Amino acid sequence: MDRRSLSICQHPSRVKRSWFRFLLADRLAGCALFGAVLLTILSTGTARAEFTVCNQTLDVVNLAVGQKVDSADQTDGWWTIGANQCVNVIREELTNRYIYLYATDVFGHAILNGSTEMCVDRRRFSIRGIEECWPRGHIAARFVEVDTLEQVRWTYFLTGSSP
């Protein structure tokens, strides 16, 4: 038996005090860690999502997003969103009133199909311009227009009955 364990065994009051100090130190460390994490989350404004899409269907969907970027129309894709999951697709505050969405199932069939024609590609893409998709080697798709009512943050819920 080493000296420390012998001295603790001989003095039961020291055991109680040591245990109390251990619990107090553990709690203070936990509170400090929680406070640091909370402060980090609240102080990093750029990490907050400003346009989120939540998939409330039972299917995995592939999502493309269209918006104005530097006065030109641009489409970006693909985000894969599992059933009952959300994905942050635009991370800065919204500056456009209208955001455009197009979604397909895992087989490539449109499940969110609107009236605004924009360009997509088969693989990950970022396409400037929405005119003449086919001649430029892209695919024309019909995006749904989402009116964000000029809010800086918006969440779109993709349901089985979405337009």
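Residues numbered from 1 in each chain as written. Predicted model: local features only at pLDDT ≥ 70, side-chain atom pairs only at ≥ 80, totals over all residues. Heavy atoms only, no water.

> Teacher, can you tell me more about the state of the cysteines here?
By definition, a disulfide links two cysteine residues through a covalent bond between their sulfur atoms. What the rule picks out here adds up to two disulfides. Each sulfur in the disulfide pair Cys-54 and Cys-86 lies 2.0 Å from the other. Taking the torsion about the sulfur-sulfur bond, which here is approximately 110°, the covalent link between Cys-54 and Cys-86 counts as right-handed. One end of the pair, Cys-54, is in strand E1 (residues 51-55); the other, Cys-86, is in strand E4 (residues 85-90), and 32 residues separate them in sequence. Judged by relative accessible area, Cys-86 falls into the partly exposed class, the value being 47%. Residue Cys-119 pairs covalently with Cys-133 via a disulfide, S to S 1.9 Å. (Disulfide = S-S within 2.5 Å. Helix = DSSP H or I, 4+ residues; strand = E, 2+ residues; numbered from the N terminus. Buried < 20%, exposed > 50% of the residue type's maximum accessible area, 1.4 Å probe, protein only.)

> Is there a simple way to think about the pairing of strand E5 (residues 98-104) in this case?
The side chains of a regular strand alternate, residue by residue, between the two faces of the sheet. Of all seven residues in E5, six are buried; the element is thus mostly enclosed. Bridge count between strand E2 (residues 61-69) and E5: five bridges; the pairing is antiparallel. Within E5, the position partnered with Leu-63 by the bridge is Ala-103. Here four bridges tie E5 to strand E9 (residues 139-147), and the two strands are oriented antiparallel to one another. From the neighbouring strand, Ile-99 faces E9, where its bridge partner is Val-146. Relative to strand E6 (residues 110-112), E5 runs antiparallel, the two being bridged by two bridges. Pairing of Thr-104 across the sheet is with Ala-110, part of E6. Counted along the chain from E5 to the antiparallel partner E6, the turn is five residues long, and its residue Gly-108 has a positive phi close to 90°. (Pairing = 2+ DSSP bridges.)

> Looking at this model, I keep getting lost on the sheet that holds E4. Mind explaining?
Each strand in a sheet pairs with its neighbour through backbone hydrogen bonds, running either in the same direction (parallel) or in the opposite one (antiparallel). Spatially, E4-E1-E10 is the arrangement adopted by the three strands of the open sheet, whose pairing is mixed. Looking at the sheet topology across the chains shown, the edges are occupied by E4 and strand E10 (154-158). Across the sheet, the mean angle from the axis of one strand to that of its neighbour is 25°, orientation sign disregarded. With five bridges connecting them, E1 and E4 associate as antiparallel partners. Within the sheet, the bridge partner assigned to Thr-52 lies in E4 and is Asn-88. (Axes fitted to C-alpha atoms, helices over the stretch in contact; angles between N-to-C directions.)

> I tried to follow the packing of aromatic side chains on my own but got confused; where do I start?
Two aromatic rings are characterised by how far apart their centres lie and by the angle between their planes. If you walk through the whole model with that rule in mind, you get three aromatic pairs. For the ring pair Trp-78 and Tyr-102, a centre distance of 6.3 Å and an interplane angle of 50° mean the geometry is tilted. One end of the pair, Trp-78, is in strand E3 (residues 72-81); the other, Tyr-102, is in strand E5, and 24 residues separate them in sequence. The same class applies to Trp-78 as to Tyr-102, namely buried. Ring geometry for Tyr-102 against Phe-143: centres 5.6 Å apart, planes inclined by 35°, an arrangement best described as tilted. (Phe/Tyr/Trp six-rings, centres within 6.5 Å; stacked < 30°, edge-to-face > 60°.)

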